[in-house]
Amino acid sequence: MADPNRTVVVTDGSNDASAVSGAAAGVQSSPKGEKGAGTDPSKMDQQTLAAVLQFLKNNKLRDAEAALRREAKLPDGNGDSGGSSRVATSGEVSLVLSAYESEGDLARYCEYYNSLSSFIESSLDAHKHELGCLLYPVFIHMYLQLVYNRHEKEAHKFFNRFSVEQEDWHQEDLRTLSTVKTREQMEGNDLMDTFRSSKFVLRMSRDSYQSLRRYLKQNEHRELLSILQDHLFIDVFDGVPRNREQVQATSGAMMGEARRDANKVKVLYGLPKEPDINVPLDDDDEGVEGEDKPKKKKQKKDLLLNKNKKADPNAPPPSRIPLPELKDADKLEKVLSWKEGLKRVPLGRENLPSICFYTLANAYQNVSAVGVSEDSSLLAAGFEDSNVRVWSLSPQRLRTMRNASELDQLDKEADDIVERMMDEKTAADSWLLHGHTGPVYSTSFSPDREQLLTSSEDGTVRLWSLHTYSNLVVYKGHNYPVWDVQFSPTGYYFVSGGHDRVARLWGTDQFQPIRMFVGHYSDVTCIQYHPNSNYVATGSSDRTVRLWDVLNGNCVRVMTGHKAAVHTLAWSPDGRYLASAGVDKNVLLWDIAYGRLLAEMKGHTDPIYSLCFSREGSILASGGIDNTVKIWDVQKVFEEIAGSDDLTSLDRASLVEVGSLLLGSFQTKATPVLKLHFSHRNLLLGCGRYQHS
Amino acid sequence: MVSSAQNGGLNFDFRLLCVLLEFLAKTMQNMNDSHAPLPSQQSAETTSASGASASTSGERKFAQIPKESVKAHAESIGISEVSGDVSAMVAEDACYRLREVMQASCQFMRHAKRKRLTAEDFNRALRWSNVEPMYGHNSPDPMVFRPTKDAELYFYEDREINLTEFAMETILPRNPGETTVKAQWLVVEGRDKGAGSSPALSEELVQYYDQVTRAILGGNEQLIKTALADLRTNSRVSALLPYFVYLVGEVKSISHDLEALTRLLQTAQALIQNPHLYLGPYLKQLVASVMYCILEPLAASINPLNDHWALRDYAARLLAQICRSGCMSVEGLQKQLPLALQKVLVDPARPLCSHYGAVVGLTALGSKAVEEVLYPQLGTYWPFLQSWMEDRTISNAQAKADAHRVQGAILSAAELLLKTYQQSSSDPHAESSHESSPNQSPHHPDASDFTIGTFGHLLESSGTAGPNSGGHRRDKGPVPITQMYSDLYSFFGDSLAVRVGNGAPFVPAKEEESDQDVEPIIEAGSSAFPSVQVERVDLPPMLTFAGNGQPIDLSSMPSTSEATHTTGGRRTSKRRQSSKESPKSKRARRAPSMSDIFSLSRASQRKRDIVVNIRGGRQVGKKKTKPGALLGAELSRLCRRVPFVGKRKKVKTLPGKVLQPSMGMLL
């Protein structure tokens, strides 16, 4: 495929993806402790200086470069300055690419790599695992340098010799890279572009870093040093070196780990106070269940109390993001869902949920997406033959609106005007929506169930009316397959993400995106709106999960740990925890407050495509194309961390040790689990297409 | 693709590329069946397909399309002069582009949430690379890709389709129907509803299952023993229970193989004996399999040399064991079983081996079942059986032999019945386990038992007048042992006397004995219930009294055709016994000889004008006076017209079908 990255022009969303900020951050954590973060004015100078140096270097003006270095009191480029501190590159891709140009003895790369690898092997056990992370990026860049400098044979030899030593989760990328065999092929290769334009992030303790420096001082491998300087970002922290498990838990992402400062911003993950709703619904209700009158009122009061209590210190101010006004229908909806919630079955390790499975039969065209409305009354399936079909899961059949002349005769002041607008004659079990020209990869109902969003391979997002069952708007912007789209919990806003690596925030009434979230190194494969509508979580095939602030488009969390593409996300109802899963068959649980990994849930045998928290958040359900639904005891994790909520563990991934969290595993006959959804009453709904053997 | 097209120098090769791509696409479609193939593997396949060898350097074998292939393809599309350099370049570029497209197509597969890469994914990747997709390969049917016989050449089969024929085809393709949603419960409150399959098994368990089944069905005695021993004791089998139950259910498909049938029954036995297993919902299914072995005219029984009788005996014994172990857990099973057996017994269309099975089954269920089901049926069944036994035609010789088998079985049943009576009247402490059928658990004394017990107590008080008062009169209508004996004697004659009177008191099968019995070959006779050495038990004195010449009012006795059963009467005598004698003394009791009863019953027989026929050492009675007997004879005459062995009416076994997990899911 052509490089979609080039279509990206807006980079407002990213605070760490661009090379410029990367260089700045590099200064911050320089081993010499320059505290660059505090010296803002000099930062710009340094960048310029570095750019000039780069230019001189590239044009082989060595004397001038040396002179400039002397004058700027910068350490010698070939010296022992060590690490990532003063490398700066301009954002220009061509310049970065040319950085691969090397006049050194390329034939000795095997030797260098061997030396580095044996150094790491012989270093203290405490440092071994942190230092071990160096090997992969060094390997990659050595290989690319060999290829760029037209040493195809050596490159091939080098690759064959060392690629097998890399960790399993890198093999997919290695496979991609291995196809790059000539300089010409380097252009236009997505992964190549990523590697040469971004820095691979490593985190290591100061001790490990010192030992690396000593090694570099002893062995003056210029090429190795320049790779470390140009393409790696070593984030040094003070503290005990991490052990093997800790290193492995957060490694795996395409471009290394998250920078320490990437997760420093405070996230307002709390839920805002529910608006007071004064809908005269109680009257109807009391009419129906007269005897329960006192009880009902009491519960209502309890609820109100609860709501008052919900003045969460972590909640964003209500006016932080302009949200659509609540309509009467929305208020009614809220009350109804709250009422349903009263009948909720508490779930836990003692009480496993019941699962009702909706199997799609006769779906020969293959189902590629399934969506369920929030109140579990509607089901939408997207097919590979570009169609979308909407079913009603409730006894209420699906009707369209009356035609214009009939509508004109209706009394518009009537209370049940919405009901009257519907044409009873058109009631059907399902409606087919035609419009897309490629497989439909995602569907999402609006909270009021009046609209449906679908995204497709044809590069568009479409908005459908569920009153007329027709297409209202086509949102063009991605230009490449759109893998996922989702409505915000309040409606009006929605996010989409796709092959162009950008997640876009839209308003339903605007044909241009309102925000663009740029920073992923690869496709944005899945999206989940935060329950408080202030944040958006995205999963990507660069094996990271990112959290974006809707207000300013900034990336506020980068979470690494997945070893393969992330395909599904789920927020806990309280908005603090995020679960993610995908092709690596593991479910990871994240604490958004600190961006740390809490737990890893292994058990699936094929990619996972759906996750859902129970309504009270004590249970997590996961389902995938291994035809199983698994139930996980996440409550156990929450209990565990409630006691030890200290900030010291933030720098290091420390998985909560709670043993296996698996509560149950339920298999379908031959139906992949494409969608899981907890109803208000905590009944788990699953959906998939029956697969003929 | 894009860049290769843009690259001016290579423009003319574009067609070549397309041909290659088409070729590869076809190859790929061929491999649709494999899971998402890795690009490298894919290309490796293609290379071998195009008759070239994959590069052998290093571990990573990234296939190359050799320039010879490029040349060959170029020629095939009419470009004859392609220089070596050009073809090498094209080959190199084609390889790279192919891998690139392949990777992109994998992405489409993942987002379509599939495990299988399709030609459509490939085409989609091509389209996004601005390359014309390959048409005509989107059929989901797998393409046949095969080698030629002589050379190392591969080709895909591309048959010509006659469109005229195709169009004139009268059979229209069926409309697959509209996509619909079907809701079902997968799990209810954490419990599997069986809508899906059973939970995923670990590799280890699957291996275990594999090995055990192979051992059981294999011929190695030692292995069989080990496997069965493990099944008896291993607690982890529970996860595999449905599969083993299903395996036992396979008896229906291997009814020709006695050996295998025996092995499967042994497996069932091992499962029953395993203390860690809760058979629960699977019990019904197990019982169904066992009943099948007892009752059905197995394919193996056509050959008279096959000892299917032993198998039926073993199955019956197993049935008894199942009932003892936990039959109570399945509602109604205990009532259903005798009924099912009865149904077979009264069905004259059934072959004799089925009847035999019914009889041994009833015997296995215990004296209660014999008394309630077999005993009342005997009047009608006996003439039917006899008609077979008396048949002297050569063509029916086999049936005759079978009939004798059935007779032997009935004799054993009668023996059990009588001995149980004898036992119960002498050993009150054995009542719960001996007198009642073995499947009546002593832990569940039912209410009726209790009331009868109290009633018996009243009787007892009235009976204390002494043994001479004839206190064993049963107002409620249970058959007294004397009458029962006389009835039975009328059928069996002295052969019964020999069995009952031989001084070897009957003791129902002890569980410990049969449990360890791996070899189920047991004769249809008394050895089916291995006797354990117990002191001889005595008949109550009142029988002696009766034998002393006091006439028994036979007319007051209920006829055998009436369903008669009460345990209370028997209990009465027991109670009396225990009240009279201390528990210590009861073991030392001496029973009066059974011969007393024999003489009594013979006398009564004569009174009833019954002709006793003695033939071939066996004594058989023909009751001409009994209306039931007449009916039976009539019936048997009618039934003679029905060919028994040849055509068998299929009768469904009784226990309801239980969900059977398919083996395919496991293996």
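Cut-off values and rules
- Residues numbered from 1 in each chain as written.
- Chains lettered and ligands numbered in written order.
- Predicted model: local features only at pLDDT ≥ 70, side-chain atom pairs only at ≥ 80, totals over all residues.
- Heavy atoms only, no water.
- Helix = DSSP H or I, 4+ residues; strand = E, 2+ residues; numbered from the N terminus.
- Buried < 20%, exposed > 50% of the residue type's maximum accessible area, 1.4 Å probe, protein only.
- Contact = heavy atoms within 4.5 Å.
- Areas by Shrake-Rupley, 256 points an atom, 1.4 Å probe, with all protein chains shown as cover.
- Buried area = accessible area lost by both parts, 1.4 Å probe.
- Salt bridge = Lys/Arg side-chain N within 4 Å of Asp/Glu carboxyl O.
- Polar contact = N/O pair within 3.5 Å; in protein donor to acceptor, adjacent residues only side chain to side chain.
- Phe/Tyr/Trp six-rings, centres within 6.5 Å; stacked < 30°, edge-to-face > 60°.
- Core = buried A, V, L, I, M, F, W, Y, C linked by side-chain atoms within 4.5 Å.
- UniProt positions renumbered as here; feature names shortened; annotations may be inferred.
- Axes fitted to C-alpha atoms, helices over the stretch in contact; angles between N-to-C directions.
- Parallel < 35°, antiparallel > 145°, perpendicular 65-115°, else oblique.
- Nonpolar A, V, L, I, M, F, W, Y, C, P; charged D, E, K, R; others polar.
- Pairing = 2+ DSSP bridges.
- Expected span 1.5 Å × (residues − 1).

1. Examining the overall build of chain B
1) Next: The helix and strand tally for chain B stands at 28 helices and six strands.
2) Next: The proportion of buried residues among the 667 residues of chain B is 51%.
3) Next: Partitioning the contacts of chain B with sequence separation of at least 6, the portion at a separation of at least 24 is 73%.
4) Next: Of the accessible surface of chain B, which amounts to about 32400 Å², a share of 55% is contributed by carbon and sulfur atoms.

2. Overview of the interface of chain B and chain A
A common way to express how large an interface is: the accessible area buried when the components associate.
1) Next: Listed by partner, the interface residues are 49 residues for chain B and 65 residues for chain A.
2) Next: For the pair chain B and chain A, the summed buried surface comes to about 5200 Å²; carbon and sulfur atoms form 53% of the total.
3) Next: Here chain B and chain A share six salt bridges between them.
4) Next: Put simply, B:Lys115 and A:Asp606 hold a salt bridge, and the shortest N to O gap is 2.9 Å.
5) Next: Where chain B packs against chain A, one counts 15 residue pairs in polar contact (both at pLDDT 80 or more).
6) Next: If you list the elements that add at least two residues to the side of chain B that touches chain A, you get helix H3 (39-49), helix H5 (84-111), helix H6 (119-128) and strand S3 (180-188) of chain B.
7) Next: Looking at which element gives the most residues to the side of chain B that touches chain A, the answer is H5(B), with ten residues.

3. Some thoughts on the packing of aromatic side chains
1) Next: Evaluation of the coordinates by the stated rule reveals 26 aromatic pairs over all chains.
2) Next: When the ring of A:Trp483 is compared with that of B:Phe108, the centres are 5.8 Å apart and the planes differ by 70°; the resulting orientation is edge-to-face. Taken together, the residues A:Trp483 in strand S14 (residues 482-487) and B:Phe108 in helix H5 connect one chain to another.
3) Next: A relative accessible area of 0% means that B:Phe108 is categorised as buried.
4) Next: With a centroid separation of 5.0 Å and an interplanar angle of 55°, the aromatic rings of B:Tyr209 and B:Phe244 are classed as tilted. You can see B:Tyr209 sitting in helix H8 (residues 203-217) and its partner B:Phe244 sitting in helix H10 (residues 241-248), a full 35 residues away along the chain. With respect to class, B:Tyr209 is no different from B:Phe244; both count as buried.

4. Let's talk about the side chain of A:Asn534
Residue and element names in this part refer to chain A.
1) Next: Mapped onto the fold, Asn 534 is located in the loop between strand S18 (524-529) and strand S19 (535-540).
2) Next: Of note is the side chain of Asn 534, whose polar atom sits 2.7 Å from the backbone oxygen of Asn 532.
3) Next: Asn 534 has contacts with Pro 316, Arg 320, Ile 321, Trp 548, Asp 549, Val 550 and Leu 551, leaving out every residue within four places of it along the chain.

5. What about unusual backbone geometry?
Residues and elements named next belong to chain A.
1) Next: The phi dihedral of Lys 585 is positive, around 65°, even though this residue is not glycine.
2) Next: For Lys 585, the position within the fold is in the loop between strand S23 (577-582) and strand S24 (586-591).
3) Next: A relative accessible area of 33% places Lys 585 in the partly exposed class.
4) Next: Although it is not a glycine, Asn 627 adopts a positive phi angle of roughly 60°.
5) Next: Here Asn 627 lies in the loop between strand S27 (620-624) and strand S28 (628-632).
6) Next: The buried category is assigned to Asn 627, whose relative accessible area is 17%.

6. What about the nonpolar core?
1) Next: Ranked by internal contacts, the top residues of the largest apolar core, which has 97 residues, are B:Phe244 and B:Ile410.
2) Next: For B:Ile410, the residues in contact, after removing those within four places along its chain, are B:Val359, B:Leu374, B:Leu378, B:Tyr381, B:Trp382, B:Leu385 and B:Phe492.
3) Next: Counting residues in hydrophobic clusters, the runner-up holds 51 residues, among them A:Cys110, A:Phe139, A:Phe162 and A:Leu232.

7. Concerning the UniProt feature "repeat: WD" (unreviewed entry) in chain A
1) Next: Mapped onto this numbering, the UniProt entry gives "repeat: WD" (unreviewed entry) at residues 360-401, 433-474, 475-516, 517-558, 559-600 and 601-635 of chain A.
2) Next: Between the first and last C-alpha atoms of residues 601-635 of chain A the distance is 13 Å; the span itself is 6% helix and 51% strand.

8. Some remarks on the packing of helix H9 (residues 221-233) of chain B against helix H11 (residues 258-273) of chain B
Residue and element names in this part refer to chain B.
1) Next: The interhelical angle for the contact between H9 and H11, taken along N-to-C directions, is 30°, at an axis separation of 7 Å. On the basis of the axis angle, H9 is roughly parallel to H11. Contacts between H9 and H11 involve Glu 221, Ile 224, Leu 228, Leu 231 and Arg 232 from the former and Arg 263, Gln 266, Thr 267, Ala 270, Leu 271 and Gln 273 from the latter.
2) Next: Tallied by class, the residues present in the contact of H9 with H11 amount to five nonpolar, three polar and three charged.

9. Details of the pairing of S23(A)
Residue and element names in this part refer to chain A.
1) Next: The element S23 is largely enclosed, with a buried count of six among its six residues.
2) Next: Side chains of S23 alternate between two faces, with Tyr 577, Ala 579 and Ala 581 and Leu 578, Ser 580 and Gly 582 buried alike.
3) Next: Of the strand pairs in this sheet, strand S22 (residues 566-571) and S23 are connected by five bridges, and their pairing is antiparallel. If you follow Val 566 over to S23, its bridge partner there is Gly 582.
4) Next: Here S22 folds back onto S23 in antiparallel fashion, the turn holding five residues, of which Gly 575 has a positive phi close to 80°.

10. Details of the pairing of strand S16 (residues 502-507) of chain A
Residue and element names in this part refer to chain A.
1) Next: Counting buried positions along S16 gives six out of six residues, so the element sits mostly inside the fold.
2) Next: Going residue by residue along S16, you find Val 502, Arg 504 and Trp 506 tucked away on one face and Ala 503, Leu 505 and Gly 507 tucked away on the opposite face as well.
3) Next: Pairing analysis gives five bridges linking strand S15 (residues 493-498) to S16, with the strands arranged antiparallel. Bridge pairing in S16 links Gly 497 to Ala 503.
4) Next: In textbook terms, the turn of a hairpin is the stretch between consecutive antiparallel strands, and for S15 and S16 this stretch comprises three residues, one of which, Arg 501, has a positive phi near 70°.
5) Next: Both S16 and strand S17 (residues 515-518) contribute to a ladder of four bridges, which runs antiparallel.

11. Some thoughts on helix H17 (residues 328-342) of chain A
1) Next: Helix length check: H17(A) (15 residues) gives 21 Å between terminal C-alpha atoms against 21 Å at 1.5 Å per residue, within 8%.
2) Next: Burial in H17(A) covers these residues: A:Asp330, A:Val335, A:Trp338, A:Lys339 and A:Gly341.

12. What about the sheet that holds S17(A)?
All names here are of chain A.
1) Next: Taken together, four strands build an open sheet; the order of strands is S14-S15-S16-S17 and the sheet is antiparallel. For this open sheet the edge positions go to S14 and S17, each flanked by a neighbour on one side alone. On average, each strand axis in the sheet is inclined to that of its neighbour by 15°, with strand direction left out of account.

13. So, the sheet that holds strand S13 (residues 470-476) of chain A
Residues and elements named next belong to chain A.
1) Next: If you trace the four strands from one edge of the open sheet to the other, you get S10-S11-S12-S13, paired in antiparallel fashion. Two strands close off the open sheet at either side, each with one partner strand: strand S10 (440-445) and S13. Across the sheet, the mean angle from the axis of one strand to that of its neighbour is 20°, orientation sign disregarded.
2) Next: Inspection of the sheet shows strand S11 (residues 451-456) paired to strand S12 (residues 460-465) by five bridges, in the antiparallel sense. The partner of Thr 454 across the bridge, within S12, is Arg 462.

14. Let's talk about the pattern of salt bridges
Residue and element names in this part refer to chain A.
1) Next: Scanning the model with the defined rule gives 39 salt bridges over all chains in all.
2) Next: Among the ionic pairs, Arg 543 bridges to Asp 173, the shortest N-O distance being 2.6 Å. Of the two residues, Arg 543 sits in the loop between S19 and strand S20 (544-549) while Asp 173 sits in helix H9 (residues 171-178), which places them 370 residues apart along the sequence. Accessibility assignment for this pair places Arg 543 and Asp 173 in one class, buried.

15. Some thoughts on the environment of B:Ser289
All names here are of chain B.
1) Next: Here Ser 289 shows up in helix H12 (residues 283-295).
2) Next: Along the chain, Ser 289 and Leu 247 lie 42 residues apart, while their C-alpha atoms are 9.9 Å from each other.
3) Next: The residues touching Ser 289, leaving out its near neighbours within four places in the chain, are Val 248, Gly 249 and Val 251.

16. Focus: helix H20 (residues 481-492) of chain B
Residues and elements named next belong to chain B.
1) Next: With twelve residues, H20 should cover 16 Å at 1.5 Å per step; its first-to-last C-alpha distance of 16 Å lies within 8% of that length.
2) Next: Within H20, twelve of the twelve residues are buried, which leaves it mostly tucked inside the rest of the structure.
3) Next: For H20, every residue scored as buried is listed here: Ile 481, Thr 482, Gln 483, Met 484, Tyr 485, Ser 486, Asp 487, Leu 488, Tyr 489, Ser 490, Phe 491 and Phe 492.

17. Some remarks on the environment of B:His404
Residues and elements named next belong to chain B.
1) Next: Tracing the chain through its elements places His 404 in helix H17 (residues 397-426).
2) Next: The exposure class of His 404 is partly exposed, given its relative accessible area of 26%.
3) Next: In sequence terms His 404 and Gln 386 are 18 residues apart; their C-alpha atoms lie 8.8 Å from each other.

18. A word on the environment of B:Gly218
Residues and elements named next belong to chain B.
1) Next: Mapped onto the elements, Gly 218 comes out in the loop between H8 and H9.
2) Next: Given a relative accessible area of 27%, Gly 218 falls into the partly exposed group.
3) Next: Considered as a pair, Gly 218 and Ala 260 are 42 residues apart in the sequence and their alpha carbons are 8.8 Å apart.

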